[in-house]
Amino acid sequence: EAGVVQSPRYKIIEKKQPVAFWCNPISGHNTLYWYRQNLGQGPELLIRYENEEAVDDSQLPKDRFSAERLKGVDSTLKIQPAELGDSAVYLCASSFHRDSAGGEQYFGPGTRLTVT
Amino acid sequence: AQSVTQLDSHVSVSEGTPVLLRCNYSSSYSPSLFWYVQHPNKGLQLLLKYTSAATLVKGINGFEAEFKKSETSFHLTKPSAHMSDAAEYFCVVSGVYNQGGKLIFGQGTELSVKP
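Here we summarise the structure given alongside this text. (Residues numbered from 1 in each chain as written. Chains lettered and ligands numbered in written order. Predicted model: local features only at pLDDT ≥ 70, side-chain atom pairs only at ≥ 80, totals over all residues. Heavy atoms only, no water.)

1. Side note on the layout of surface pockets
Estimates place the volume of the largest pocket at around 570 Å³. Lining the largest pocket are 27 residues, with A:Gln37, A:Leu39, A:Val89, A:Arg112 and B:Gln38 sitting closest to its centre. Elements represented by at least two residues in the lining of the largest pocket include exactly β9 (88-95) and β11 (111-115) of chain A together with β10 (87-94) of chain B. Counted by class, the lining of the largest pocket contains ten nonpolar, twelve polar and five charged residues. Within this model, the second largest pocket holds a volume of roughly 230 Å³. Lining the second largest pocket we find 15 residues, and of these A:Gly42, A:Pro43, A:Glu44, A:Leu45 and B:Phe105 sit closest to its centre. Counting residues per element, the ones that place at least two in the lining of the second largest pocket are β5 (44-50) of chain A together with β11 (103-105) of chain B. Here the residues of the lining of the second largest pocket sort into seven nonpolar, five polar and three charged. (1 Å grid on protein atoms, 1.4 Å probe; cavity = no way out; pocket = protein on both sides within 12 Å on 5 of 7 lines; lining within 4 Å. Points joined across faces, edges and corners; volume = space filled by probe spheres on them. Helix = DSSP H or I, 4+ residues; strand = E, 2+ residues; numbered from the N terminus. Nonpolar A, V, L, I, M, F, W, Y, C, P; charged D, E, K, R; others polar.)

Here you go:
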């Protein structure tokens, strides 16, 4: 079974430029998460999708970040314009159950973004 | 609100010696707790989870953790470290039901294993 796929793995851009990250979750997983992991810290949730609906985007900086999951499968996270402080690893995860109390979130390898 | 505190940012052990990574949690509810491991340039992997069943939880690769409510702790242990255990370890608490499986991560503990 294929895991969570993310692309690109690395991205270097200049500040004020746009950038987009793509995630394909594990087949059959209806819940998709985007996390941001700053250097030396644990991941922090940005947004959670149940199928195509964003059910928790309270931590997403909406002035510059946007996300979509149009068909309830793969998802795109966009930053426009990027700022120096956006440099981080962006992780995508998926799970089968909404509550996911079992903690079975499966993570992709992440996209390491560097803003210069 | 839930939170976790990992008491050591870095732990160094020799190969073959025991591993102890410490984690304290704070939760208004009966928590679900987890340990995830992150190897360089790889995705986070679930090591083990506690969800109100047995307080001693066994995970993959010989790791185990004990839930101690009186101490609000969930420390991760392994009897004998292997070189391949070198990685970043995260203690995690799950958000309450209405947060729909939101995971709250600690700051991480970097484990180094010396030959």
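2. Re the state of the cysteines
Under the definition given, this model contains two disulfides over all chains. Two residues, A:Cys23 and A:Cys92, share a disulfide whose sulfurs are 1.9 Å apart. Handedness here is read from the sign of the S-S torsion; for A:Cys23 and A:Cys92, about -70°, the answer is left-handed. Taken together, the positions of A:Cys23 in strand β3 (residues 19-24) and A:Cys92 in strand β9 put the pair 69 residues apart, joining distant regions of the chain. Here B:Cys23 pairs with B:Cys91 through a disulfide, and the sulfurs are 2.0 Å apart. (Disulfide = S-S within 2.5 Å.)

3. Quick word on the packing of aromatic side chains
Enumeration over the complete set of coordinates arrives at 13 aromatic pairs over all chains. Here the aromatic residues A:Tyr33, A:Tyr35, A:Phe107, B:Tyr36, B:Phe90 and B:Phe105 are joined through ring pairs into a cluster of three or more. (Phe/Tyr/Trp six-rings, centres within 6.5 Å; stacked < 30°, edge-to-face > 60°.)

4. Details of the sheet that holds β3(A)
Residue and element names in this part refer to chain A. What the four strands build is an open sheet, ordered β1-β3-β8-β7; its pairing is antiparallel. On the outer flanks of this sheet lie β1 (5-7) and β7 (65-68), each paired with one strand and no other. Across the sheet, the axes of successive neighbouring strands diverge by a mean angle of 15°, strand direction being ignored. With four bridges joining them, β7 and strand β8 (residues 75-79) adopt antiparallel strand pairing. (Pairing = 2+ DSSP bridges. Axes fitted to C-alpha atoms, helices over the stretch in contact; angles between N-to-C directions.)

5. Structural notes on the pattern of salt bridges
Taken as a whole, this structure holds seven salt bridges over all chains when the rule is applied. A:Asp57 is paired through a salt bridge with A:Lys62; the nearest N and O atoms lie 3.8 Å apart. With relative accessibility at 30%, the residue A:Asp57 sits in the partly exposed group. The partner of B:Asp8 in a salt bridge is B:Arg22, with the nearest N and O atoms 3.0 Å apart. With a gap of 14 residues between them, B:Asp8 in the loop between β1 (3-6) and β2 (10-14) and B:Arg22 in the loop between β3 (19-21) and β4 (23-26) connect regions that are remote in the sequence. (Salt bridge = Lys/Arg side-chain N within 4 Å of Asp/Glu carboxyl O. Buried < 20%, exposed > 50% of the residue type's maximum accessible area, 1.4 Å probe, protein only.)

6. Overview of the environment of A:Val4
Residue and element names in this part refer to chain A. Summarising the element assignment, Val 4 is placed in the segment before β1. By relative accessible area, Val 4 is classed as buried at 9%. Setting aside residues up to four positions removed in sequence, Val 4 forms contacts with Cys 23, Asn 24, Pro 25, Ile 26, Cys 92, Ser 94, Tyr 106, Phe 107, Gly 108 and Pro 109. (Contact = heavy atoms within 4.5 Å.)

7. Considerations on unusual backbone geometry
Negative phi is the rule for most residues except glycine; trans is the rule for most peptide bonds. Residue and element names in this part refer to chain A. Of note, the bond from Ser 7 into Pro 8 is cis; its omega dihedral lies within 30 degrees of zero at -10°. Take Pro 8: it is sitting in the loop between β1 and β2 (10-13). Here Gln 80 and Pro 81 are connected by a cis peptide whose omega angle stands at -5°. Looking at the secondary structure, you find Pro 81 in the loop between β8 and β9. A positive phi angle is found at Lys 16, which is not glycine, with a value near 80°. Tracing the backbone through its elements, the reader meets Lys 16 in the loop between β2 and β3. At Asn 51, a position not held by glycine, the phi torsion is positive, near 55°. Along the chain, the position of Asn 51 falls in the loop between β5 and β6 (53-56). Overall, Asn 51 belongs to the partly exposed group, its relative accessible area being 36%.

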